[in-house]
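A structural walkthrough
Now for the letters of each chain:
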Amino acid sequence: MTSASERRPGWPAMYDGQRRVLRDLIVHGDRSRVELARRMDVSRASLSRITRELIDLGLVAEGAIQYSATRGRPSELVHVRAGAASFAGFKLTGTDLYAVVTDLSATVIAEYEEPLASTEPEAVADQIAAVAGRILDGVPLAAAIGVCLAGDVFERDGVQLVERSSFLGWSSTPLRDLVESRVDLPVTVSNDVVSLTAGHHWFGAGVGAETLVVYGLGAGIGAGVVVHDEVHTGAHGRSGHVGHSRVEGEGRPCALGHVDCIHSFVTMGSICFNAGVDDTEYDAVLARARAGEPTALAAFALAAEALGVVIADAVNTIDPEKVLITGEGVDMVGLAPERLRQGLRAELEQVDLDSVVIELPGFSFSDYARGAAVSAMRELI
Ligand SMILES: [Zn+2]
């Protein structure tokens, strides 16, 4: 542990106006001062002061000149100095720790993984602190640490707790406090699909969408929601539990004993089960489906239809600008697009099917840890 006197220079304290300008530049890229002043609804003088302060902090710089056909005077563009600060992001599974270091543009600078030595919360906090110390050693301005995991994350009586993290066997675990007491940086802990959502909203396919729904598909299904440009986690951290709605058909029994819920069809394990094979055979089932084998194709078709139903519920409830589907288990979308539409069509209420914007932004497992780093960044900015 580092004593206060040995503290490295950390993320600077900023006031709201500075944070808003920085956030706009981080999310939307280079802007001219004129454009920034208009977007922030502040005077040119105020904007110049804020820009100057951010330049003094080393976080932004002025660079390229923008020539406009309609305005006489060329204006200098303000941009973020992406390399000025660094963030560590972690994803915990039941067995392993995955970590990345990102810069201010959420570009992954370094990746790291190791098995968890123990799943005891204190031991996991020790391990996160040790890895953070190593991967942030020598980086420019280590600003914050983000951690994500499956489970509900919320605050009770001023203490942030992780509930129902089934892979780790945790409940009422104050992970943020445990990690924060071992490092000299701010720590953010989030649900893993919430972190994926945070990453896509600021740096991915969700940029510009003030209302957004993101599905993470894999061993389970989770949803992340953005409303009013903020990631929504709910009153108890439970937002995005979408797996147990009942649909037509019969598939794999879920943890609650349903044979006809979303989990029975849409998870990778259910697709395997419904194609008549073991959980570990997903790649083989996928290959069979791609070769046109009817049993495998049927399992993916059921998954696609169930996903359509889930998406329709979100569209009816939240009315998002865009829906993103990501994770290891998105293959049903491409294999059975018509069944996805069928599921949507069955549930959409007075919504034109073609008005639902669905995108598949692609996926790498490091997106979780990167999203955790972005969640940490969002807390500061
Ligand atoms: Zn169920």
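Calculation rules
- Numbers given to residues run from 1 along each chain, matching the order in which its sequence is written.
- Only residues with pLDDT of at least 70 get local features here, since the model is predicted, and only at 80 or more are side-chain atom pairs given and counted; chain-wide, interface and lining totals rely on the full set of residues.
- Values shown for side chains rest on all heavy atoms present in the structure; no hydrogens or waters enter the calculation.
- UniProt positions are given in the numbering used here, feature names are shortened, and annotations may be inferred rather than shown by experiment.
- Here the coordinating atoms are restricted to nitrogen, oxygen and sulfur within 2.8 Å of the metal centre, or 3.2 Å for Na, K and Ca, and because water is not among them the sites may look incomplete.
- The rule is simple: four donors are tetrahedral if all their angles sit between 85 and 135 degrees, four are square planar and six octahedral if opposite donors span more than 155 degrees and the others lie between 65 and 115, and anything that fits none of that is irregular.
- Residue burial is assigned from relative accessible area. The probe radius is 1.4 Å, only protein chains are included, and a residue is buried under 20% of its type maximum, exposed over 50%, and partly exposed in between.
- Salt bridge, as applied in this entry: a Lys or Arg side-chain nitrogen positioned within 4 Å of an Asp or Glu carboxyl oxygen.
- Think of it this way: any DSSP run of H or I at least four residues long counts as a helix, any run of E at least two long counts as a strand, and we number them from the N terminus.
- For two strands to be treated as a pair, DSSP must find at least two bridges joining them.

In the nomenclature of an unreviewed UniProt entry, the chain corresponds to ROK family protein from the organism Lysinimonas soli. Per its UniProt entry, the chain bears the Sequence similarities (unreviewed entry) comment "Belongs to the ROK (NagC/XylR) family."

**A word on the coordination of the zinc ion**
For the zinc ion, the full set of protein donor atoms is H244 (ND1), C254 (SG), H258 (ND1) and C261 (SG), at a range of 2.0 to 2.3 Å. Taken together, the four donor atoms surrounding the zinc ion define angles of 101 to 115 degrees at the centre, an arrangement classified as tetrahedral. In this structure C261 comes out as buried when scored by relative accessible area, which is 0%.

**Overview of the pattern of salt bridges**
Any two side chains of opposite charge can pair, given that their charged atoms come close. Counted under the stated rule, the structure contains 23 salt bridges. In this structure, K322 engages E359 in a salt bridge whose closest nitrogen and oxygen atoms are separated by 3.3 Å. Of the two residues, K322 sits in strand β14 (residues 322-327) while E359 sits in strand β15 (residues 358-359), which places them 37 residues apart along the sequence. On the basis of relative accessible area, K322 is assigned to the buried category, the value being 18%. The exposure class assigned to E359 is partly exposed, which follows from its relative accessible area of 29%. Here the salt bridges share partners, and the residues they tie into one network are D24, R31, E35 and R39.

**Some remarks on the sheet that holds strand β12 (residues 221-227)**
On the basis of which strands lie adjacent, the open sheet formed by five strands has the order β13-β12-β11-β14-β15 and mixed pairing. Of all strands in the sheet, those bounded by a partner on one side alone are β13 (230-232) and β15. Pairing between strand β11 (residues 212-217) and β12: six bridges, direction antiparallel. Across the sheet, the residue bridging to V213 is V225, located in β12.

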